[in-house]
Amino acid sequence: MKSYIKICSLLILFFIGSTGCFKDLDTIPLDPDILTAASVYKDPQAYKQVLAKLYAGFAVSGQQGPAGQADISGIDEGFGQYLRGYWYHQELTTDESVIGWNDQTIKDFHSQTWTSGDAFTYAFYSRVFYQIALANEYLRETTDAKLDSRGVDATLKAQIQQYRAEARFLRALSYYHALDIFRNPPFALEDAVVGGAPPKQTTGSELFNFIEVELLEIEPVLAAPRTNEYARADKAAAWMLLAKLYLNAEVYAGQNKYAECLTYCDKILAAGYQLEPTYQNLFLADNHNSNEIIFPIAFDGVRTRTWGGMTFIIRAGVVGSMNPVASGVVSGWGGTRATRQLIEKFPSDLTGIKVAFNPGQTVLYPKLYVPGTHQGNDATQTSNSLAATSTTAPNNKIYEGHLYFPNPNTEIQFTTIPSNTAPKLGDNNGDGILESNGAKIVIPEAGYYYIKVNLVNTANRTYVIEKRNWSMVGTATGGADINFQWDADLRMLVATGNLEVGTLKFRVNQSDAISLGDSPADGLLEPGSEVQIDQSGSYKIILDLDKPDYTYQVQLTSFDRRGLFYTDGQTLDINDLTLATEGYAVQKFKNVTSTGLQGSDTDFPDTDFPMFRLADVYLMAAECILRGAGGGDKARAAQYFNAVRTRAFTGTSGNYAPNDLTLDVILDERARELYWECHRRTDLVRFGQLTDGTYKWAWKGGVKEGASVPSYRNIFPIPAADLGANPGLRQNTGY
């Protein structure tokens, strides 16, 4: 179970004058039973409970959930939820996602035609400053003077110092989002006079400096990395936010801070986090178990119910013929998909299968069944059989194939009828001649056997049984044999290993006396030919030899496995944004566990959102080095970059040589690794590609082929409603 801070039902008392964006909102009081700060903090547990409200504000949007008793009145609790609003701004504005709904101005995000009156931008802006207001009020109520006046003991007072540091971190996080998305927002801290003058507007440089100083000040007070309760901030979370701030410092404040970013990336890399071995597990209902996630927004299907957050991300992504149960939810909302440009950053074949099985004509051939002690002497079990070599006489009575016997001294017989009462063929004399109801044939050793039975001549029915150890060899294997092993689940032979570009053949007992290949490359194996391997990497080869039309499968296992897309019934191109079947669906996030269990509720997921995680740190560090930090050591940059690639490819075949690593490669890799995790807009702005750059994607600028838009859209406007409420604010350029 997740270690949760329980979300308290206490409302924090703060006044609408604390931030300018609430001047025009009927936000306080929303609860007729609202408590005063004096009564709330009589209970020593309240300090942690109210802190929990600050964390909860990133996951839920009211006191009841999923709707009712909203934190902010006049704004829908679903689309007004923090993460959902953040996702809209970071993903729908980019090549990573489109949405098919006609809700108000939602499509303006992808076409980059939003205005200062946009309701979704206003909702997110309001949510950001609501969070800041909560943090400010918490800090007002936990000063030393306030604690002393309440007689708080020394032990609790020491704990509250850490709580205050966490509150300041959460405030810094929201101010970072305001900096990144709005650049020049209003600014107020806990020392602002409640009910006084509206807060003044800040600049990108000023807000950058505040966040930097704030994080540096609280770092010593925060818990050591990986020692705090799950989903609470620690030093590593602060380091991560500092690294993010420094990575984008040229955008925010016109300063080169890549060396500082690298410094804090290295701190995190030394803090004991580990890449999750299986990429998909980072986005499932039990991802709280991952050692990769540095700071999440925690969700629980029972305790954090919202129509935003992970509920939105998972259910809006269930489109077309997708089975919502496979995503752990009761139904889909048919909304979000990916553009062609995101899909094309991944391999065209998302299975890695280079050669697929070809069953040939064997399915039409008569069968001979092989009951015995290996399957409980049950002749009705038809999985152990041989197939005739033809449908026509006389070969329709010549059967062959391979069977695996797991135990020594296995006893077998043959029958053309899968029935326990039908006549069986055995060998009374052990001479290779079969007799009706003859003695059972004993296979002395366990292993994989070739069996051929000739029933053409009823007076002389013969059989051959040979133990065969299969391997593959050739220039693709470097000249060494790679042995096949029996896979009981597949009921086939399987070999794995690293292969180079070249050829190979399958042979018996490491001898070319029996050797098979594939010519003309149709998935059927023939004697005396070879199999072509046209790409180096890690492979899984499967042989299916239990019938005369021998077939095989070649699967490249070292391909990029991060492309978690649903394609059945979906078109790659999007001609009509409203059609949920146009554009591939994204199956990255699911409300099922890594063991296949459904989350605790089918409406509201248990899946946590990984706000910060280790793979991002590796990629940030590599980018900083390419931009000149750390002496520009490309070997070190490649080491960090390839750590992420090695996990993605389950091996080193996708790794880059240091001299092949470029900033464009980094940008594409960030899309492959971090898509739908609220990084893309920020990344494209940093690389000069969100608006008027050379990179275009489907429906950018409202044009199917994509078009450039003015660079002022690298940031969003200050909502018109707040400009009206606070005369001291000036609109961002261009709006």
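Above this text you will find the structure in question.
These numbers come from a predicted model, not from an experiment. (Residues numbered from 1 in each chain as written. Predicted model: local features only at pLDDT ≥ 70, side-chain atom pairs only at ≥ 80, totals over all residues. Heavy atoms only, no water.)

A. Region of the structure containing helix 14 (residues 614-626). With 13 residues, helix 14 extends 19 Å between its outermost C-alpha atoms, agreeing within 8% with the 18 Å of an ideal straight helix rising 1.5 Å per residue. If you check which residues of helix 14 are buried, you get Leu 614, Ala 615, Asp 616, Val 617, Tyr 618, Leu 619, Met 620, Ala 621, Ala 622, Glu 623, Cys 624 and Ile 625. A positive phi of about 115 degrees marks Gly 628, the residue just after helix 14. (Helix = DSSP H or I, 4+ residues; strand = E, 2+ residues; numbered from the N terminus. Expected span 1.5 Å × (residues − 1). Buried < 20%, exposed > 50% of the residue type's maximum accessible area, 1.4 Å probe, protein only.)

B. Broad picture of the packing of helix 9 (residues 235-247) against helix 11 (residues 258-269). The N-to-C vectors of helix 9 and helix 11 enclose an angle of 155 degrees; their axes lie 8 Å apart at closest approach. Between helix 9 and helix 11, the angle falls in the class roughly antiparallel. For the crossing formed where helix 9 meets helix 11, the hand is left-handed. Contacts between helix 9 and helix 11 pair Ala 236, Trp 239, Met 240, Leu 242, Ala 243, Tyr 246 and Leu 247 from the former with Tyr 258, Glu 260, Cys 261, Tyr 264, Cys 265, Lys 267 and Ile 268 from the latter. For the contact of helix 9 with helix 11, the residue count by class is 12 nonpolar, no polar and 2 charged. (Axes fitted to C-alpha atoms, helices over the stretch in contact; angles between N-to-C directions. Parallel < 35°, antiparallel > 145°, perpendicular 65-115°, else oblique. Left-handed = near helix turned anticlockwise from the far one by under 90°. Contact = heavy atoms within 4.5 Å. Nonpolar A, V, L, I, M, F, W, Y, C, P; charged D, E, K, R; others polar.)

C. Structural context of helix 9. With 13 residues, helix 9 extends 18 Å between its outermost C-alpha atoms, agreeing within 8% with the 18 Å of an ideal straight helix rising 1.5 Å per residue. Most of helix 9 is tucked away, with 13 of its 13 residues classed as buried. The backbone nitrogen of Ala 236 lies 3.0 Å from a side-chain oxygen of the residue at the head of helix 9, namely Asp 234. (Polar contact = N/O pair within 3.5 Å; in protein donor to acceptor, adjacent residues only side chain to side chain.)

D. Up close: unusual backbone geometry. The omega torsion of the bond from Ala 393 to Pro 394 falls at 0 degrees, within 30 degrees of zero and hence cis. Cis geometry is adopted by the peptide bond preceding Pro 520, which originates at Ser 519 and carries an omega value of 25 degrees. Mapped onto the secondary structure, Pro 520 falls in the loop between strand 21 (511-517) and strand 22 (526-527). Residue Gln 510 is not a glycine yet carries a positive backbone phi of 55 degrees. According to the relative accessible area criterion, Gln 510 is partly exposed, its value standing at 46%. Unusually for a residue other than glycine, Cys 678 sits at a positive phi of about 70 degrees. Counting through the fold element by element, Cys 678 comes out in the loop between helix 16 (663-674) and helix 17 (680-686). Cys 678 gets classed as buried once you look at its relative accessible area, which sits at 3%.

E. Summary view of the pairing of strand 19 (residues 492-499). Across the 8 residues of strand 19, 6 count as buried, placing the element largely inside the fold. As defined by bridge partners, strand 18 (residues 485-487) adjoins strand 19 across 3 bridges and the pair is classed as antiparallel. When the bridges of strand 19 are listed, Asp 487 appears paired with Met 492. Connecting strand 18 to the antiparallel partner strand 19 that follows it, the hairpin turn spans 4 residues, and Arg 491 within it adopts a positive phi of roughly 60 degrees. Sheet analysis places strand 19 next to strand 24 (residues 537-544), joined by 7 bridges and oriented antiparallel. Looking at strand 24, one finds that Thr 496 is bridged to Lys 540. (Pairing = 2+ DSSP bridges.)

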